[in-house]
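Chain and residue survey
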Amino acid sequence: MDPWPLRHLVLRTPRLELRPDDDAGLLEMAEVALSGVHSPEQMPFSMPWTEMSPAELGRGSVQSRWRKRAEHSPESWDVGFLVRHQGRVIGTQGLMAENFGVLREVSCGSWFGMAHQGQGFGTEAWAAVLLLAFDHLGAELGHALAFADNTASRAVSRKLGYQDTGTRRVVRRGEPAVQVEQRVTPGGFKRPDWTLEVDGLDACREMLGA
């Protein structure tokens, strides 16, 4: 019996391949992060991890994913898909859930290297994990969070059918900031005009509480 069937899971879109993180891919991911994820005046993350020193950022981004893998259970999981274009990692697309077997709800989050932004890759990868969640895992609701001033992320979520449901105040860089809570249902999801290819999922269902 394979102790880690997630290593065989793969999602394919017209331009991208998404696989749960592996060590070789994490090293590529760290290089992408070091090359820049956002402009200095912006901060799209609650924890400003992109402001770490280069050594801390590279090591920390890898350790963070190791930690998520180690803590994975059917009741609480955070699958970090490495997004590849033409065989190279360009960013990550996360799909997370708590008590999925009961609640049937997922959350999404992502980041891409600046060199790969503005080309629709983020929308394509996000749509891929929503298709996985709704059509293959039986999810009934998708959640997302974005800072009110993160116009790019909020534009992508609207494009996919997310609706704003409220706001909350959080601390960002030592100052108060507003996050927008968003949600999408299978019926409200604005589906892409392509079909997602999924391989290796059946062996992963137990790990995902599905």
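Further up the page is the structure itself.
Values in this document were obtained by computation on a predicted structure and should not be read as measured data.

The rules behind each value
- Residues numbered from 1 in each chain as written.
- Predicted model: local features only at pLDDT ≥ 70, side-chain atom pairs only at ≥ 80, totals over all residues.
- Heavy atoms only, no water.
- Salt bridge = Lys/Arg side-chain N within 4 Å of Asp/Glu carboxyl O.
- Buried < 20%, exposed > 50% of the residue type's maximum accessible area, 1.4 Å probe, protein only.
- Phe/Tyr/Trp six-rings, centres within 6.5 Å; stacked < 30°, edge-to-face > 60°.
- Helix = DSSP H or I, 4+ residues; strand = E, 2+ residues; numbered from the N terminus.
- Lys NZ or Arg CZ within 6 Å of the ring centre and 35° of its normal.
- Disulfide = S-S within 2.5 Å.
- 1 Å grid on protein atoms, 1.4 Å probe; cavity = no way out; pocket = protein on both sides within 12 Å on 5 of 7 lines; lining within 4 Å.
- Points joined across faces, edges and corners; volume = space filled by probe spheres on them.
- Nonpolar A, V, L, I, M, F, W, Y, C, P; charged D, E, K, R; others polar.
- Core = buried A, V, L, I, M, F, W, Y, C linked by side-chain atoms within 4.5 Å.
- Contact = heavy atoms within 4.5 Å.
- Polar contact = N/O pair within 3.5 Å; in protein donor to acceptor, adjacent residues only side chain to side chain.
- Pairing = 2+ DSSP bridges.
- Right-handed = clockwise from strand over helix to strand, strands pointing away.
- Axes fitted to C-alpha atoms, helices over the stretch in contact; angles between N-to-C directions.

What the rule picks out here adds up to 16 salt bridges. With a shortest N-O distance of 3.6 Å, E17 and R12 are connected by a salt bridge. With relative accessibility at 26%, the residue R12 sits in the partly exposed group. Among the charged side chains, a salt-bridge network with shared partners connects D21, D23, R65, K68, R69 and D78.

Another aspect to go through is the packing of aromatic side chains. Describing an aromatic ring pair means giving the distance of the ring centres and the angle of the ring planes. A full pass over the atoms with the stated rule returns three aromatic pairs. Judged by centre distance (5.2 Å) and plane angle (50 degrees), the ring pair of W126 and Y162 falls under tilted. Of the two residues, W126 is situated in helix α4 (residues 121-136) and Y162 in the loop between α5 (151-159) and β7 (163-172); the sequence distance between them amounts to 36 residues. A residue is classified by how much of its surface remains accessible, and W126, at 6% relative accessible area, is buried. The exposure class assigned to Y162 is buried, which follows from its relative accessible area of 3%. Its end group placed over the ring of F147, R172 keeps NZ or CZ at 4.3 Å from the ring centre.

Our focus in this paragraph is the state of the cysteines. This structure, assessed with the given rule, holds zero disulfides. C108 takes part in no disulfide bond, and the closest cysteine sulfur to it belongs to C204, at a distance of 17 Å. Judged by its relative accessible area of 9%, C108 is buried. Given the relative accessible area of 0%, C204 is considered buried.

Its volume calculated, the second largest pocket comes out at about 220 Å³. Counting residues per element, the ones that place at least two in the lining of the second largest pocket are β3 (76-85), β4 (88-98) and β5 (105-112). For the lining of the second largest pocket, a count of residues per class yields four nonpolar, four polar and five charged.

This part takes up the nonpolar core. The biggest cluster of nonpolar side chains holds 41 residues, and the ones touching the most others in it are L18, F81, L95, W126 and L130. Elements represented by at least two residues in this core include exactly β2 (16-20), β3, β4, β5 and α4. The element best represented in this core is α4, accounting for eleven residues. Among residues more than four places away in sequence, those in contact with W126 are Q93, C108, A144, S153, V156, S157, L160 and Y162. Grouped together as the second largest cluster of nonpolar side chains are ten residues, L26, M29, A33 and V62 included.

A separate point is the side chain of T13. With respect to the element layout, T13 can be found in the loop between β1 (10-12) and β2. At a separation of 3.0 Å, a polar atom in the side chain of T13 contacts the main-chain amide nitrogen of L16. Apart from the residues lying within four places of it in its own chain, the contact partners of T13 are L18, E124, A128, W194 and L196.

In this section: unusual backbone geometry. Backbone geometry places Q86, a non-glycine residue, at a positive phi of 55 degrees. Note that Q86 resides in the loop between β3 and β4. With a phi close to 55 degrees, R173 is a non-glycine residue in the positive phi region. Note that R173 resides in the loop between β7 and β8 (175-184).

For the rest of this paragraph, the subject is the pairing of β5. Taken together, the six bridges between β4 and β5 define a ladder with antiparallel strand orientation. The partner of G91 across the bridge, within β5, is F112. In this region the chain leaves β5, passes through α4 and returns to the parallel neighbour strand β6 (residues 141-147); the handedness of that crossover is right-handed.

Read from one edge to the other, the open sheet built from nine strands follows the order β7-β8-β6-β5-β4-β3-β2-β1-β9, with strand pairing classed as mixed. Only two strands of the sheet have a single neighbouring strand rather than two, namely β7 and β9 (197-199). The sheet shows a mean angle of 25 degrees between the axes of neighbouring strands, taken without regard to direction.

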